[in-house]
Amino acid sequence: MVKVEGLRKKFLGQHGAVKAVDGISFEVAEGGFFTLLGPSGCGKSTTLRCIAGLEKPEDGEISVSGRPVYSKNKRIAVPPHKRNMGMVFQSYAIWPHMTVFENVAYPLRVAKKFSGKEIKEKVEKALELVKLTGLESRPAPYLSGGQQQRLALARALVREPKVLLLDEPLSNLDAKLREHMRLELRELQRRIRVTTIYVTHDQMEALALSNVIAVMQDGQIVQVAAPREMYEKPNSKFVADFFGSTNFVEGKLTEQSGGQATVETKHGILRCPVPEGLVGDNILVSVRPENIDVLRDPGSADNVFAATVEASAFLGEFMDCRMDVGGTELRVRVHPSLGLRRGESVYLRFPPESCMVVAQ
Ligand SMILES: Nc1ncnc2c1ncn2[C@@H]1O[C@H](COP(=O)(O)OP(=O)(O)O)[C@@H](O)[C@H]1O
Ligand SMILES: [Mg+2]
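Note that the structure is a prediction, hence the values are computed from the model and not measured.

(A) Inspection of the sheet that holds strand 15 (residues 282-287) at higher detail. Spatially, five strands are ordered 14-13-12-15-21 in an open sheet, and the strand pairing comes out antiparallel. The sheet is open, and its two edges are formed by strand 14 (268-273) and strand 21 (356-359), each paired on a single side. Looking at each pair of strands side by side, their axes are set apart by 45 degrees on average, direction ignored. As paired elements, strand 12 (residues 247-257) and strand 13 (residues 260-265) share five bridges and run antiparallel to each other. What sits directly across from Lys-252, in strand 13, is Glu-264.

(B) Structural detail: empty space enclosed by the protein. Within the structure shown, the criterion is met by two cavities of 30 Å³ or more. By volume, the largest cavity is sized at about 80 Å³. Around the largest cavity sit Leu-129, Val-130, Lys-131, Arg-150, Leu-153, Met-181, Glu-184, Leu-185, Glu-187, Leu-188 and Arg-191, which together line it. Sorting the residues of the lining of the largest cavity by element identifies helix 4 (145-157) and helix 5 (175-192) as the ones contributing at least two each. Class assignment for the residues of the lining of the largest cavity results in six nonpolar, no polar and five charged. In this structure, the second largest cavity encloses a volume near 40 Å³. Around the second largest cavity, the lining residues are Leu-153, Leu-157, Leu-164, Leu-166, Leu-185, Leu-188, Gln-189, Ile-192, Val-194 and Thr-196. Secondary-structure elements contributing two or more residues to the lining of the second largest cavity are helix 4, strand 8 (163-167) and helix 5.

(C) Spatial organisation of the layout of surface pockets. Roughly 860 Å³ of volume is contained in the largest pocket. Around the largest pocket, the lining is made up of 26 residues, and of these His-81, Met-85, Gly-86, Pro-107 and Arg-159 lie nearest the centre. Counting residues per element, the ones that place at least two in the lining of the largest pocket are strand 7 (85-88), helix 2 (100-111) and helix 4. The dominant element in the lining of the largest pocket, judged by the number of residues it contributes, is helix 2, at four residues. Taken together, the residues of the lining of the largest pocket break down into 17 nonpolar, three polar and six charged. Roughly 460 Å³ of internal volume is contained in the second largest pocket.

(D) Layout of the sheet that holds strand 17 (residues 304-314). Strands sit in the order 16-20-17-18-19 across an open sheet of five strands; the sheet is antiparallel. Whereas interior strands pair on both sides, the edge strands pair on one side only; in this sheet they are strand 16 (293-295) and strand 19 (328-334). The mean angle between the axes of side-by-side strands here comes to 45 degrees, regardless of whether they run parallel or antiparallel.

(E) How the structure looks around the pairing of strand 5 (residues 67-71). Direction of pairing for strand 4 (residues 59-64) relative to strand 5: antiparallel, over a ladder of four bridges. Paired with Val-64 across the bridge in strand 5 is Arg-67. Connecting the antiparallel pair strand 4 and strand 5 is a turn made up of two residues, with Ser-65 showing a positive phi of about 50 degrees. Hairpin connection from strand 5 to strand 6 (residues 76-77): four residues lie between these consecutive antiparallel strands, with Arg-75 at a positive phi of about 50 degrees.

(F) Quick look at the packing of helix 2 against helix 3 (residues 116-129). Two elements in contact, helix 2 and helix 3, have axes separated by 9 Å at closest approach and are oriented at 120 degrees. Between helix 2 and helix 3, the angle is such that the two are oblique. You can see that helix 2 and helix 3 cross each other, and the crossing is right-handed. Touching Val-100, Phe-101, Val-104, Ala-105, Leu-108 and Arg-109 of helix 2 are Ile-119, Lys-120, Lys-122, Val-123, Glu-124, Ala-126 and Leu-127, all from helix 3.

(G) Looking closely at the packing of aromatic side chains. Evaluated as defined, the whole model comprises six aromatic pairs. For the pair Phe-33 and Tyr-198, a centre-to-centre distance of 5.4 Å together with 45 degrees between the ring planes defines the contact as tilted. Highlighted residues: Phe-33 in strand 3 (residues 33-37) and Tyr-198 in strand 9 (residues 195-200), separated in sequence by 165 residues. When sorted by exposure, Phe-33 lands in the same class as Tyr-198, which is buried. Directly above the aromatic system of Trp-95 lies the positively charged group of Arg-155, at a separation of 4.3 Å from the ring centroid. Geometry around Tyr-231 places Arg-288 over its ring, the cationic atom sitting 4.0 Å from the centre.

Rules and cut-offs
- Residues numbered from 1 in each chain as written.
- Chains lettered and ligands numbered in written order.
- Predicted model: local features only at pLDDT ≥ 70, side-chain atom pairs only at ≥ 80, totals over all residues.
- Heavy atoms only, no water.
- Pairing = 2+ DSSP bridges.
- Helix = DSSP H or I, 4+ residues; strand = E, 2+ residues; numbered from the N terminus.
- Axes fitted to C-alpha atoms, helices over the stretch in contact; angles between N-to-C directions.
- 1 Å grid on protein atoms, 1.4 Å probe; cavity = no way out; pocket = protein on both sides within 12 Å on 5 of 7 lines; lining within 4 Å.
- Points joined across faces, edges and corners; volume = space filled by probe spheres on them.
- Nonpolar A, V, L, I, M, F, W, Y, C, P; charged D, E, K, R; others polar.
- Parallel < 35°, antiparallel > 145°, perpendicular 65-115°, else oblique.
- Left-handed = near helix turned anticlockwise from the far one by under 90°.
- Contact = heavy atoms within 4.5 Å.
- Phe/Tyr/Trp six-rings, centres within 6.5 Å; stacked < 30°, edge-to-face > 60°.
- Buried < 20%, exposed > 50% of the residue type's maximum accessible area, 1.4 Å probe, protein only.
- Lys NZ or Arg CZ within 6 Å of the ring centre and 35° of its normal.

What follows is the structure in C-alpha cells.
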C-alpha cells in the first residue's frame, strides 16, 4: 500500500550536514499498522513528514497503491493536500478559536468541493468514530487532553484518507490516559482498517499497537519485525536493549551446528540457539530478567551459574533482584513467594529458548 524506497533527507545544521534519514526502505500492507520506533533524533518524524509531503527528500521514491507521490528519478512531488493522507502531530494543532465541529469541518471547507449537507454528514461521522458526538458546538479549548487528541484524530480522518500518519500522538497525555487512548486507537484502526504509519519512541506503545515495527537508529532502519518477533529475536544489541531491560553476558562462540551454539563465558558454558548469519565469534547472550530461573539447588541442568542476591525490591507482582554472578551484575525478576533474602546464595538458570545471541 505504502512503499518507501531509498529515502534520504539531510539538514544543514551548525556542525555540518545531519543525515536525518539515511537511505531507508520499507513497505506497509493495506490496512496495516506500521510503527517507526526509535530514540529521539533518529529520523522518525522526518521520515513521516517526507511521506506526508511536508519535507522534500534528496533521494528515493514514495508510492501509495503503486503510484509515486514522490520520486527523485521520475521528478514527481505531489503536494501534501493531494496525497490523500491524514496526519496527527504530537501537539494536536487543533484551532482554539473554532468549535469542535469547525475544527473537523476545516479540511473539507478548504477542499471547496463539498456541500454544507455533505460537510455536516462527514463531520458527524468522524466525530462518532472518535466518540465526540454531542460536543459539536463546544469551543475546542474546553475539551480535556484526551478529547483534544480525539478531535485531532477526527480531523485527520474526516476526508477518509488512504493513509493515516501519526507522530507521537499520545505523548502529551498523562500515563493512565495514554494507556487508555492506546487501546482506543488500536480498536479504531482495526475497525476502519485505514493503513497507518505511527511514530513513537515508546516501545510499549509500539508493541501494543503495531502489526509491524521498524526500529530506527541514526537515520537507518535496523530491524523490521512483528512485535513478538522483535521482542524475542532482536538482531542486535541496540534492539535487544531498546525493548525493555535485558541482561548481556559476553561470550565466545566455540561450536555451532544446526542452529545450536556452545558459548564460552567467564562464568561457564551456555548452550543456546544461534541466529543464522551471525558474524564474528565474540558475541553477547541477552536474557531478559523475567526469563531467568532462580534455583536453590543447581541440579545437573545446563546453563546454570552460581549467584549471590545483592539487592531486591518488592514491586507488587514481582521482586526486582540484582544478582552477582562472578563479578557480573544481572537483573532478575522473581515471584515474591520465593522469599529471596539479600546475601543468599542461589543458582541462576538461563533457559536456552530464552537466550538470544547478538553480535558484540
Ligand atoms: N528542520 C530541521 N533543521 C535541521 N535539523 C533538523 C530539522 N528537523 C530535524 N532535524 C534533525 O534531524 C535529525 C532527525 O530528526 P527527527 O526526524 O525529528 O527525529 P525523531 O522524530 O526521531 O526524534 C535530528 O538530528 C534533528 O536534529
Ligand atoms: Mg519526532
